Each structure stands twice: as C-alpha cells, then as structure tokens.
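Tertiary structure, described
Given next are the chains, with one letter for each unit.
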Amino acid sequence: MASKTVSILEGNTFVVSDRAGNIEASATDTGGLFAWDTRFLSRWVLTLDGVKPNVLSTDDLHYFSAQFFLVPGTGTVYVDADLSIIRKRAVGNGFHEDVIVLNHSDKPADHELRLEAASDFADLFEVKDALAKKGEHYSQVEGDRLMLGYRREAFTRETWLTSSVPAEMDEHGLTYHIHVEPHGQWSTGIDVAIRQSGLLDTGLEAPTYHSADEQARPLMQMGLDEWLDAAPKLTTDSETLTRIYKRSLVDLAALRFYPRAVPGAAIPAAGLPWFMTVFGRDSLITSYQALPFAPEMASATLRTLAGRQGRYFDDFRDEEPGRIMHEQRYGEMTAFLERPHSPYYGSADATQLFLVLLDEYERWTGDADLVRKLEPAALAALEWINTYADHNGDGYIDYQRKQETGLENQCWKDSWNSILFADGTLSKLPRATCEIQGYAYDAKVRCARLAREIWGNRELADRLEKEAIELKLRFNRDYWLPDRQFFALAIDGDGRKVDSLTSNIGHLLWSGIVDDDKAEMCVNHLMSDNLFSGWGVRTMAEGEGGYNPIGYHVGTVWPFDNSFIAMGLRRYGYREEAARVAMGILDAAPYFEYRLPEAFGGYTRESTKYPVEYPTACSPQAWSTGAPLLFLRTLLGLDPIGDRLLVDPAIPLGIGSIQLVDIPGRWGRVDAFGRGRVDLSKAASRRIAPAGVRAARANVSATPGSAR
Amino acid sequence: MSNQNPPDVPRHTAEETANVNQEIAQFFRQAGDMRSQPRLHGITGVCRFDLTGVGSWSVAANDGEITVIEGAGNALHADCVVACGAEDFLRITHGENHLNLITAAMQGLVSVTGDHVFAMAFLGNVVAAPVAASHRL
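Criteria and cut-off values
- Residues numbered from 1 in each chain as written.
- Chains lettered and ligands numbered in written order.
- Predicted model: local features only at pLDDT ≥ 70, side-chain atom pairs only at ≥ 80, totals over all residues.
- Helix = DSSP H or I, 4+ residues; strand = E, 2+ residues; numbered from the N terminus.
- Rg over C-alpha atoms; globule rule 2.2 N^0.38 Å.
- Buried ≥ 20, exposed ≤ 12 C-beta atoms within 10 Å, placed from the backbone.
- Contact = placed C-beta atoms within 7 Å.
- Domains from an automatic or database assignment.
- Nonpolar A, V, L, I, M, F, W, Y, C, P; charged D, E, K, R; others polar.
- Axes fitted to C-alpha atoms, helices over the stretch in contact; angles between N-to-C directions.
- Parallel < 35°, antiparallel > 145°, perpendicular 65-115°, else oblique.
- Left-handed = near helix turned anticlockwise from the far one by under 90°.
- Core = buried A, V, L, I, M, F, W, Y, C linked by C-beta atoms within 7 Å.
- Expected span 1.5 Å × (residues − 1).
- Pairing = 2+ DSSP bridges.

Let's shift gears to the overall build of chain A. Of the regular secondary structure elements, chain A holds 18 helices and 31 strands. A globule of 708 residues ought to have a C-alpha radius of gyration of about 27 Å, and chain A, at 27 Å, matches this closely. Referenced to the eigenvectors of the C-alpha coordinate spread, the extents of chain A come out at roughly 90 × 55 × 50 Å. Here chain A, with 708 residues, has 55% of them falling under the buried criterion. Considering only contacts in chain A between residues 6 or more positions apart, those separated by 24 or more positions represent 65%.

Residue and element names in this part refer to chain A. Its domain assignment divides chain A into domain 1 (5-220) and domain 2 (231-700). The C-alpha-based centres of domain 1 and domain 2 are spaced at 39 Å. Taken residue by residue, the interface counts 20 residues in domain 1 and 17 residues in domain 2. Contributing elements (two or more residues each) for the side of domain 1 that touches domain 2: β1 (5-10), β2 (13-18) and α1 (124-129). With four residues, the top contributor of residues to the side of domain 1 that touches domain 2 is α1. The residue inventory of the side of domain 1 that touches domain 2, partitioned by class, reads ten nonpolar, five polar and five charged.

Glancing now at the packing of helix α15 (residues 575-588) of chain A against helix α17 (residues 622-636) of chain A. All names here are of chain A. For the pair α15 and α17, interaxial distance at closest approach is 10 Å and the crossing angle is 150°. In terms of their interaxial angle, α15 and α17 are classed as roughly antiparallel. As for how α15 packs across α17, the hand of that crossing is left-handed. Contact with α15, carried on its side by A578, A579, A582, I585 and L586, involves A627, P628, F631, T634 and L635 of α17 and no other residues of that element. Among the residues making up the contact of α15 with α17, the classes are represented as nine nonpolar, one polar and no charged.

Looking now at unusual backbone geometry. Residue and element names in this part refer to chain A. With an omega of -10°, the peptide bond running from S342 to P343 counts as cis. Cis geometry marks the peptide bond from L429 to P430, where omega comes out at -5°. Note on placement: P430 falls in the loop between α9 (375-386) and β21 (432-433). For W36, which is not a glycine, the phi torsion comes out positive at approximately 45°. For W36, the position within the fold is in the loop between β4 (32-35) and β5 (38-41). In this structure, N93 is a non-glycine residue whose phi angle is positive, near 55°. The topology assignment puts N93 in the loop between β9 (83-91) and β10 (95-103). Judged by local crowding, N93 falls into the buried class, with 22 C-beta atoms found within 10 Å.

We now examine the nonpolar core. Residues and elements named next belong to chain A. If you look at the biggest cluster of nonpolar residues, it comprises 239 residues, and the most contacted ones within it are F354, L357, A381, C522 and A582. Two domains each put at least three residues into this core: domain 1 (5-220) and domain 2 (231-700). Ignoring any residue separated from it by four or fewer positions in sequence, one finds L357 in contact with L284, S287, Y288, A298 and L302.

Let's shift gears to helix α2 (residues 86-94) of chain B. Residues and elements named next belong to chain B. The set of residues buried in α2 consists of E87, F89, I92 and T93. Elements that come into contact with the buried residues of α2 comprise α1 (14-34), β1 (44-52), β4 (80-85) and α3 (101-107). Where α2 ends, the next residue or the one after it, G95, has phi of about 65°, a positive value.

On to α1(B), then. Turn by turn, an α-helix covers 3.6 residues, leaving residues three or four places apart pointing in a common direction. Compared with an ideal rise of 1.5 Å per residue, which puts 21 residues at 30 Å, α1(B) spans 30 Å between its outermost C-alpha atoms and is within 8% of the ideal. Residue R35(B) follows α1(B) closely and has a positive phi angle near 60°.

Residues and elements named next belong to chain A. Relative to each other, helix α4 (residues 280-289) and helix α7 (residues 350-365) sit at 25°, their axes nearing to 9 Å. Relative to α7, α4 is oriented roughly parallel. In this structure, α4 crosses over α7, and the sense of that crossing is left-handed. Together, G280, R281, L284, I285, S287 and Y288 of α4 and A350, L353, F354, L357 and E360 of α7 make up the contact between the two elements.

Another point: the sheet that holds β21(A). Sheets are built from strands paired through backbone hydrogen bonds, the pairs being either parallel or antiparallel. Residues and elements named next belong to chain A. Taken in spatial order, the three strands line up as β21-β24-β25 in an open sheet, and their pairing is antiparallel. Two strands in the sheet have a free side with no partner beyond their single neighbour: β21 and β25 (497-498). Pairing between strand β24 (residues 490-491) and β25: two bridges, direction antiparallel. Bridging across to β25, A490 finds its partner in V498.

Let's shift gears to the pairing of β5(A). All names here are of chain A. As paired elements, β4 and β5 share three bridges and run antiparallel to each other. Considered in β5, the bridge of F34 is made with R39. Linkage of β4 to β5, two consecutive antiparallel strands, is achieved through a turn of two residues, within which W36 is found at a positive phi near 45°.

Residues and elements named next belong to chain A. In this sheet, β10 lies alongside β9 in antiparallel orientation, the contact comprising nine bridges. Paired with A90 across the bridge in β10 is H96. Counting the residues that bridge the hairpin from β9 to β10 gives three residues, and of these G92 lies at a positive phi of roughly 155°. Pairing analysis gives eight bridges linking β10 to strand β17 (residues 185-196), with the strands arranged antiparallel. Along β17, the bridge assignment pairs I100 with S187.

This paragraph deals with the environment of N409(A). All names here are of chain A. Looking at the secondary structure, you find N409 in the loop between α9 and β21. What makes N409 buried here is the crowd of 21 C-beta atoms within 10 Å. For the pair N409 and L241, spaced 168 residues apart in sequence, the C-alpha to C-alpha distance is 35 Å. In this view, N409 contacts D414, S415, W416, S418 and I419; residues no more than four positions away in its chain are not counted.

Rendered as structure tokens:
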C-alpha cells in the first residue's frame, strides 16, 4: 500500500509533497510546508525546460528527510534519459533542499531549471474546510532572497527563500540557467525559512540542516539515536514484530512535540498531517502506551497538561475549572478567535485519563516528586469529575458543547454520528458515553492509592474508594442492557440507553468498572463475528443499524482501540482472547509498511484477505504508533508490583519467543522473556447464547476476576 | 517583520484615561495580593509588563509565589517583556470577545520579547480573566 504522498516532519513542522517532491496544494491536495498550524508553502514545483520530470524513485527512510530521483519526461511511455535530477530535502525550521542535476552523456547540457514557489498561508482549519483568507498576501525579491508574506492587522507570516547558487528570482519562484559538462553535475541548495509575528516570533532562523556541512545532521536525528538507545531492546522470532517495534519507536520519536511552556520536554503530538499539536486525550493515551518504553514522555505530558488545566468557566472554549484541555492551536483562526483552540477544553475523558496516567506513571517510575507537585492539579481534576463534568445532574459524566464552534462529541469517537442507537438513529445531547464513566472509576481508584501513599491524605483516599464503589454499582445497574447482555454505549439527553454494540465495552474492561459476572458476556461479544473482523475489534458491530465498515467510528478497526481492549481482556483473565486481538492487529501491520494507521476498514478478514485502507486516516498517528507497544506489554503480561515488574506472558505460538531487555522503571532496568504458548488455531469466534441461557450461566460461572 | 503598519491609537478624555490607568494599577495590585499561584509551581522568572502611557510592572514568579513591583522599568532583570497598549491590556484582562493574552500575542496586539519558553508558561496563568459562563446546561 504505497502512499501517493511523501511526508517528512520534525516537531510540528512538516512537508507533504507528491512522489516527485512537488507541492501543488488545491482543494483536494493538502500538500505543503506546514508549521505551527500554518501552511508556509502551498506551491513548490520543479520543472526542467518547462516540463515536470518523471519520478524514478523516492526514498523517505528518515522521518525528517526524503530524496526524489527524477528524469526528464520524453513525452512517451519510455524512459531513456541521459540526464537525472536528485532532490534531497530535510525538514526542520522550514526545510533545506539540494537539487542536483547529473549529465550522463558525453555532451554538455544546457537547460532551464525552475522552482515555482507560492504560499496561501492557510490555517490548517482553512485547509480542512476550504475557507477563504481574510488578510492580504504580499511578496517581494530582496537582493538574493525571495520573500512570500501574509498580513492580517498585526498578524504576519512570511516564507523566505535563498539559494546557494545565484538564481533569477521573481515573485513566483527561482530560475536557473544551468550548464552541465559531459558526465558532470550541477547543484544548488535552497533554504526555505519561516517567520511569524507575535508570540511565535523567534526571528528569521535558518533551516536546521545545511548541505554545506556534510557531517551535519538535524538535531532530531541525534535525538533519535539517543531515543532508540534508551528504549528496551527487542529480540523475537517474529520478523514482523521486530519491524513493527522499530517503526513504532522511530515514528514515536518523529511525533515528539516540544511545547514551549515546558523546556526540554517532549510530548507526543497526535498525528500527521492534521494533528501535529498538543492534544489532551491523544498525548495521554500515547504516553500510557509508551510508559514501559519511554516513561519521560508521560512526565512531560502530565506537566504540560497540568500547566494548561482549566481554571474558569468559558463557554467559548468549553473550559471549566479542573478540566484538562483537549487541543491547542497556533494558527490565524485561533489567533482571531474564529476557533476556540487557545486552548480548547471540549474533552470528556482527558481529565480522567490525566489521573490514570499520573498513577500509572508513578507505579512504573516511582517518581513520587512529580505526583506531589501535581497534587493541586489532580485535586482540581477530581473536583471537575464530581461537579462540573455532570452537566445534567444524573450522577454521570456527560458532555454538550456550549457553542457551535465546539466539538459535538467529546469522547474519543468524536465524529458527529458516532453515538447511534441500534436502529441507526442519532442519540441526543448531552451524552454520557460508557467508557468515560469507566475512566472516572479507574481514576478514583488510582487517586485513592496516591492519596493514601503519597499525598498522605487518608480521608481523601477513603472518600474516593467509597465513591468508586458506589459508581461501579450504579454503572453496572444503569448501563447494562439485560436483553442484549452488554453495556449501553451511552445514556443520552433523554435518559435513554444507547443500545448499539460497540468496542467501547472493551474500554470498560480496561478500566475495571465491569462486574465480574458481566465480564464474560462482554468478552463473548468482543470476540464474536459481529465485532471481531479477524484483523481486530470493530468500533461498531456488524448488524447494528449504523454499521459501516468504512465509517470513521461506526465500523472501522482502530489499532489503539484494540490495544486497550486487549489490555482489558488480560485484566479480567482472558489471556487467549487478548493474544488473538493483538495478533490480528499485528498481522495487519505489514500491509501498511509496518506502520499501523489511525484506522482501517472493518471488512471481514476472510473476505478481503488484506486490511482495507481507510481513505483519510492519519499516518503516522500517535496512539496507533503506541498500540504495538501496549500489545507488547499485554503479551508479556508486564505489570509493576511494588518495586518489581511482574512478567506473565501469554504469547501466540505464531510469534514464538519475545525477549525484551532493559525495561526502565522504578526497579532500574529489568528484562522480560516469554515463549509462544497460546494456540490461536482453535475456533476464533465466540457464540452469543440466547438471553435466558446467558442469564443462568452468569449466575453459576466462575468468571476470572479483575487483576488488580 | 516587514511592511508592518502601526495600529491606530484611540483618543480618550483625561477622565477615561485616568480610569484605564486606575484599573490597570488595580489589576496588578490584585495579582500581587494573590501571592500564591499553584499552577506556577516549577516556574521561576520575572516578566515585565510595559503598558504604553501607563507604566511598567515587574511580576516575579518563584515556584508558585508571586511578587509584583511597580515602576522599576528596566532597572530589574526581566526574563521576558510584554508590551502593549493600555486598552488592549484591559481587553485581555476582561476577556473581551474571548481574547486572552495568548491569542492577543498570537494576533500581534501584544509584543513578547525575551524568553518565550518562560513567557508561554507564565502568561496563561497570570493574565487571565474569569468570563461569564454557566456550568449547568
């Protein structure tokens, strides 16, 4: 599944081009040089004698650099060129590009090489929604530099282009009249630098990488070496798993975002191309998945999000005291308050997940200092859960945006039509989806431990434990659908149970809110043909009214979703089922060049034989990148117990052995080893028994209890 | 940045100007009275506010503790300097049209020089105003 575009990135700067290295942005082509949510270059097209060369091959092995090998077009289907062109591009503070022309003939060659340049300076929201600009564009040639600019009142953005070889510059690009000797070469290097007014103004800095110094490497590359050295080393019989692991670590490094408010700290940005910024939910989930591999990421995420925790009631930003933010943006529409992302707080789960990660981080690292420092933030978050998060006073966390610019769905399934009844009709707001209650339960249980062991607040610990027990009791009563034997997806604004069968029940297992006598039915549903496609658990079950195998949250398979489901299955003792879910997703990865996408089609594995691509999925996407890491943890059964790491493997036979050494944590560094013993060749699907039989079975079965 | 035009300077009566000045002075008095701001734990540095035609205030954060010094100008070291018009500053503190210091700085209404890392961490937690909203639907 080779992509038609090439994406390279560093921090929140990235370039999306075609396979020739050209950028030709349009309503249907979202290419460009982007930084801080603005497109600084929307056209960057190389021509030789007025014709775009053909692509021979493209190499984007490094996440921050790419090479494009081109030959002049012949006007026929044959490629028989005696000239070739190499474009080498590295991103970082804008980008640097080397253009090299090689003459393979024994005659001199004279050509006109041109690079057309233009910028629409579109805000990412304008790119997504095809909106018009409100300011004015300008451009000018200043000496040996071409400047493209945009101004709206005092808000300005500029792109500066300079060439190492003199070029004829005009307001639309650079032209070179080149002469190449027989078997000789010609080259130039072009810096594309960016400048921004206001808070983001750091002056006009040169791109990170320069061709003049062949030994120079982008800062992120040096960071990458250290990053890979610091991560646990994996040795396994599975070549597939080896490649997935390496790809995940490199992609996670690529997605590191350095928020200006926390010096030196890297948190995971959510994904390329639309989400290269701080997200509450995405950063928290990815940090959780990566804890055994890169625990410092969790620390940075917690500190960053605590620093931006809500303090006031602000309907525009859906801000409430104690609420953890959803998304921060830096583009024009945010600056001029046409979008509320400065930051926007419309997330109904980030606050609970913040507390979950805080506890999990301490369990792994023993960093009690951070837990003490973040006590005020944690207490404010708990206060939000107990007060402001319940908007209609029914005892459950719910959400409803206060203004039209806010998000309609504030759970992870945030598309407008994700919360549907079984007949396919839309539920009403405010919605109290099930998994956000589970997260709240887990957050209270975990914070009770922190209160008792670190904050020294026994009274709070007792209260939180009591609240957690009470919440679990109510939830298992109010959300259970006796006729369908699973938990409702949500309780909607009319107090109705939203009765679709969805993957959300897997998150309930992960959170531990499910009563033991209801767990087996949830597992049966998750592993049924209706939910489990063979590649993974679908977001919505086949057969539901709203099911669509290529619907964003109503039938596709999400690797991150499955990583949580697998962990939930292990939590309740379903080792084989967890291994099956992990194996399905890992089997899909080679079809995506070992980089799991945000989501893929929910078609049955038997019918398609390969996972069907979802057209607009982000890739790389942070929590998909983190999914294989959480699967590894699940397969090896890694769990901190005091100052020790418990290893309890349940690995499919097909993977063989897994050896993960130098796992960092409060124990220093330890190793984990496991051999494949789980036979997945037995029948995969579980049958759902009639309701009467199920009820009787539930009363007599000895379902494995929760692990913790 | 090139080709940047100076913003229009609004004209006011002496009484209006005095009111603006008084309100700004009051804002910094209250900031100083606050003394402790838990969300500034771990952040240490000085931010100076140069407000055109009104004066300057240096706000020091020391791991959550806040101290405000009026009128020292550049006699004190500052890690970052925030410069803006008095009216724009009040618009920010009032949260007018959802404006906050971050968006004002992004728009270019406010100039921020010096340590941007410190500024980003500091400003959102010191200059922000409660805005009218309901927490029940």
